[in-house]
Amino acid sequence: MLTSLILSQILSWIMILGLGVALLAVARQVGVLHIRVAPAGALTTSGGPAVGDATVKVDARSLDGAPVTIGGHTHDVPLRLLMFVSAQCPLCKSIIPMAKSFARDERVALTFIGDDDAAAQRAMIAQHGLETYLFVNGPEAGQAFGVAKLPYAVLLDAEGAILSKGLVNSREHLESLVVAHEMGIRTVQDYIGSLKAQAA
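Residues numbered from 1 in each chain as written. Predicted model: local features only at pLDDT ≥ 70, side-chain atom pairs only at ≥ 80, totals over all residues. Heavy atoms only, no water.

### A few points about the pairing of strand β1 (residues 58-61)
To keep it simple, the criterion reads: Note on classification: 1.4 Å probe, protein chains only; a residue is buried when its accessible area is under 20% of the maximum for its type, exposed when over 50%, partly exposed between these limits. Numbered from the N terminus, helices here are DSSP runs of H or I no shorter than four residues, and strands are runs of E no shorter than two. If DSSP finds at least two bridges between two strands, the strands pair.
Across the two faces of β1 the burial differs, with V58 and A60 buried and D59 and R61 not buried at all. In this structure, β1 lies alongside strand β2 (residues 67-70), joined through four bridges in antiparallel fashion. Each bridged residue has a counterpart across the sheet, and for V58 the counterpart in β2 is I70. What sits between the antiparallel neighbours β1 and β2 is a turn of five residues, in which G65 has the positive phi angle 95°.

Spelled out as structure tokens, the structure:
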């Protein structure tokens, strides 16, 4: 009986050690996959000022008609996210809750910008609870940043320089704007290209 108990204990320890080794192997493979699977970044477009360029101040108006300045230097806001949306764009409506959550988590000042019928924009604001956010309505900002498709986002620093920009339709795309800035690259696509060049 004692011999059986000792043997079962030895077998138990062998199995526990085997499971530990297997767990380490799985963790290593997950790490390898994480490196191989590239992140999906916001798709940049060729229009408008480039990443790294300083923006000029754009005089626009909020949906309520108050004068607003987009771009340029700000003293108390380290990061600003300009989110270009439209009430006529289904993707815009799906990205708005993600943009709100992203801005809150990353401590980014979020401004919504559109160029649409004011009544439609107000209905969208009420639907998505955007009353506490600055909402600019007019073509000035979109023209200044070369926005051709929606939803589109531009990340600015306190000096008004463009840190990253691109078309966004998921939380991952929004996060890629900050990741690109933190990694010191223009876009996530540039990072993917450099990985491919290193692998070749």
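### Re the nonpolar core
When a protein is soluble and globular, its nonpolar side chains tend to lie buried together. Let me state the cut-off plainly: By convention a nonpolar core is built from buried Ala, Val, Leu, Ile, Met, Phe, Trp, Tyr and Cys residues, the set being connected through side-chain atoms within 4.5 Å. For this analysis, residues touch if any pair of their heavy atoms sits within 4.5 Å.
By size, the foremost hydrophobic cluster in this structure holds 27 residues, and its most contacted members are L81, M83, V85, F112, F135 and L174. Among the elements that take part in this core, helix α2 (residues 90-106) stands out by supplying six residues, more than any other. If we ignore the near neighbours within four places in the chain, the residues touching V85 are C92, I96, F112, I113, G114, D115, Q121, M124, F135 and L150. One finds L82, A141, Y152 and L167 within the second-largest nonpolar core, a separate group that totals 16 residues.

### Quick word on the packing of aromatic side chains
Each aromatic ring pair is summarised here by two numbers: the centre-to-centre distance and the angle between the ring planes. Applied cut-off: Classification of ring pairs rests on two measures: the distance between centres of Phe, Tyr or Trp rings, Trp counted by its six-membered ring, which must be within 6.5 Å, and the angle between planes, read as stacked under 30 degrees, edge-to-face over 60 and tilted in between.
Counting across every chain of the model gives four aromatic pairs. Members of the aromatic cluster, connected to one another through ring pairs, are F84, F145 and Y152.

### Some details on the pattern of salt bridges
Opposite charge on two side chains permits them to pair, given that their charged atoms come into close proximity. Formally: When a carboxyl oxygen of Asp or Glu is within 4 Å of a side-chain nitrogen of Lys or Arg, the pair counts as a salt bridge.
One pass over the structure, following the stated rule, counts two salt bridges. Here D105 makes a salt bridge to R171, at a shortest N to O gap of 3.0 Å. One end of the pair, D105, is in helix α2; the other, R171, is in helix α5 (residues 171-183), with 66 residues separating them in the sequence. Across the salt bridge formed by R171 and E175, the nearest N and O atoms sit 3.0 Å from each other.

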